[in-house]
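The lines below spell out each chain.
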Amino acid sequence: MKVYQSIQDIKPIKCPVVTLGMFDGAHIGHQSILEQLNTIAQNIDGESVLITFNPHPRMVLQSNCDLKFLTTLQEKEEILRRFDLEHLIIQEFTLDFSQVTSVEFVKNLLIDKIKINTLVIGYDHHFGKNREGNFEQLQILSKEYGFNLIQLEAIEKNDVAVSSTKIRNALNEGNIEYANKALNYNYPLSGKVVHGDKIGRTLGFPTANLEVDPNKLIPKDGVYAVNVFVDDKKYLGLLSIGFRETVTNSREHRVEVNILNFNQDIYGETIKLEFLGRLRDEKKFNSLDELISAMNNDKENAITRFG
């Protein structure tokens, strides 16, 4: 997969078959679009192209936007590489770019710059200034400029159309099972290991305290079973998200992972996690003994279900 940081950086592409969108999470709906994009490209001896935007338009256009994302830009790139996409264009989204009309976008960028052969869009796609561009307008423009236009149907899971918003809602409720099925992979989280107060070590459960991208969606507070990747090796872990009220009066929100069967110094390193399942809610215990007992139960539960 070739990656470009702007549409202006694009090199000549053979019969470009293009789709565009944020693709946050690259969920099964997005994956279906990519699969069909690749098939269409292969059928005409062309190449598949995805145009996405960074940062998310809402981050630029809404001053109070607090939207959290399923994937960081790096995570999205890594996931998209799994689906045989040939070209990824990451277009910077600015206030100036937001003023480009849908007609200008098609004429100046898709036609003049990329020279598209086919445009493939999802069932609810809108684009351009004020999101004025839609399928009906594209039908007119495709005839005017001579490109093929294909609209895909919504992908459903359990009779509900899959969307990034629905997956975010599921994660905010701690519903890892739905999220992983809708993503078709385990929800990822990465963070830099920073120094904490080392209380977990005294309880027999040393934890790595993670510094996470502030724009990344962290699931609902609680305890989760996770896969932990350190130096390309996979370990089972217990991830705690919350305020740790049993052991501290601090209201600092923490993301900490106890990596099972692991004893290395990884301070300063960035590690990757995959959510496997939710074990329980966060709870304030009456004593440290109760907490230790619960953590042992969490460990046994994680090993039984996911070990």
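It should be noted that the structure appears before, not after, this text.
Just so we're clear, the structure is a prediction, and the values are computed from it rather than from any experiment.

**A closer look at the packing of aromatic side chains**
Counted under the stated rule, the structure contains 7 aromatic pairs. A ring pair is formed by Tyr224 and Phe275, whose centres lie 5.2 Å apart and whose planes are at 80°; its orientation type is edge-to-face. With a gap of 51 residues between them, Tyr224 in strand β11 (residues 222-230) and Phe275 in strand β14 (residues 270-280) connect regions that are remote in the sequence. Residue classification places Tyr224 among the buried positions, given a relative accessible area of 0%.

**Details of the pairing of β11**
Counting buried residues along β11, 8 of its 9 residues qualify, which places the element largely inside the surrounding structure. Pairing between β11 and strand β12 (residues 233-242): 9 bridges, direction antiparallel. What sits directly across from Val226, in β12, is Gly237. Between the end of β11 and the start of β12, which pair antiparallel, lie 2 residues, with Asp231 showing a positive phi angle near 50°. Note that β11 and β14 share 7 bridges and pair antiparallel. The partner of Val228 across the bridge, within β14, is Leu273.

**Let's talk about the packing of helix α5 (residues 102-114) against helix α6 (residues 135-145)**
With their axes 11 Å apart at the nearest point, α5 and α6 run at an angle of 40° to one another. Considering the angle they form, α5 stands oblique to α6. Where α5 crosses over α6, the handedness of that crossing is right-handed. Along its contact with α5, which presents Ser102, Val103, Val106, Lys107 and Ile111, the element α6 presents Gln137, Leu138, Leu141 and Tyr145. For the contact of α5 with α6, the class distribution of residues is 6 nonpolar, 2 polar and 1 charged.

**What about the pattern of salt bridges?**
Applying the stated criterion to the full structure yields 10 salt bridges. Two residues, Asp45 and Lys14, come together in a salt bridge whose shortest N-O distance is 2.7 Å. Taken together, the residues span a long stretch of sequence, with Asp45 in the loop between α1 (28-43) and β3 (47-54) and Lys14 in the loop between β1 (2-4) and β2 (16-20) at a distance of 31 residues. Between Glu78 and Lys272 there is a salt bridge whose closest N-O contact spans 3.1 Å. Here the residue Glu78 occupies a position in helix α3 (residues 73-80), and Lys272 occupies one in strand β14, the gap between them amounting to 194 residues. Relative accessible area serves as the criterion here: at 40%, Lys272 is assigned to the partly exposed category. Salt bridges linked by common partners bring Glu252, Arg254 and Glu256 together as one network.

**Some details on the nonpolar core**
In this structure, Ile167, Leu210, Leu239, Val257, Ile271 and Phe275 are the most contacted members of the largest nonpolar core, which totals 50 residues. At 6 residues, the largest contribution of residues to this core is made by α1. Residues in contact with Phe275, not counting those within four places in the same chain, are Ile176, Asn180, Asn186, Tyr187, Leu189, Pro219, Tyr224, Ala225, Val226, Leu239 and Ile241. One finds Ile51, Phe53, Ile114 and Leu149 within the second-largest nonpolar core, a separate group that totals 28 residues.

Calculation criteria
Residues numbered from 1 in each chain as written. Predicted model: local features only at pLDDT ≥ 70, side-chain atom pairs only at ≥ 80, totals over all residues. Heavy atoms only, no water. Phe/Tyr/Trp six-rings, centres within 6.5 Å; stacked < 30°, edge-to-face > 60°. Helix = DSSP H or I, 4+ residues; strand = E, 2+ residues; numbered from the N terminus. Buried < 20%, exposed > 50% of the residue type's maximum accessible area, 1.4 Å probe, protein only. Pairing = 2+ DSSP bridges. Axes fitted to C-alpha atoms, helices over the stretch in contact; angles between N-to-C directions. Parallel < 35°, antiparallel > 145°, perpendicular 65-115°, else oblique. Left-handed = near helix turned anticlockwise from the far one by under 90°. Contact = heavy atoms within 4.5 Å. Nonpolar A, V, L, I, M, F, W, Y, C, P; charged D, E, K, R; others polar. Salt bridge = Lys/Arg side-chain N within 4 Å of Asp/Glu carboxyl O. Core = buried A, V, L, I, M, F, W, Y, C linked by side-chain atoms within 4.5 Å.

By themselves these figures say nothing about function.
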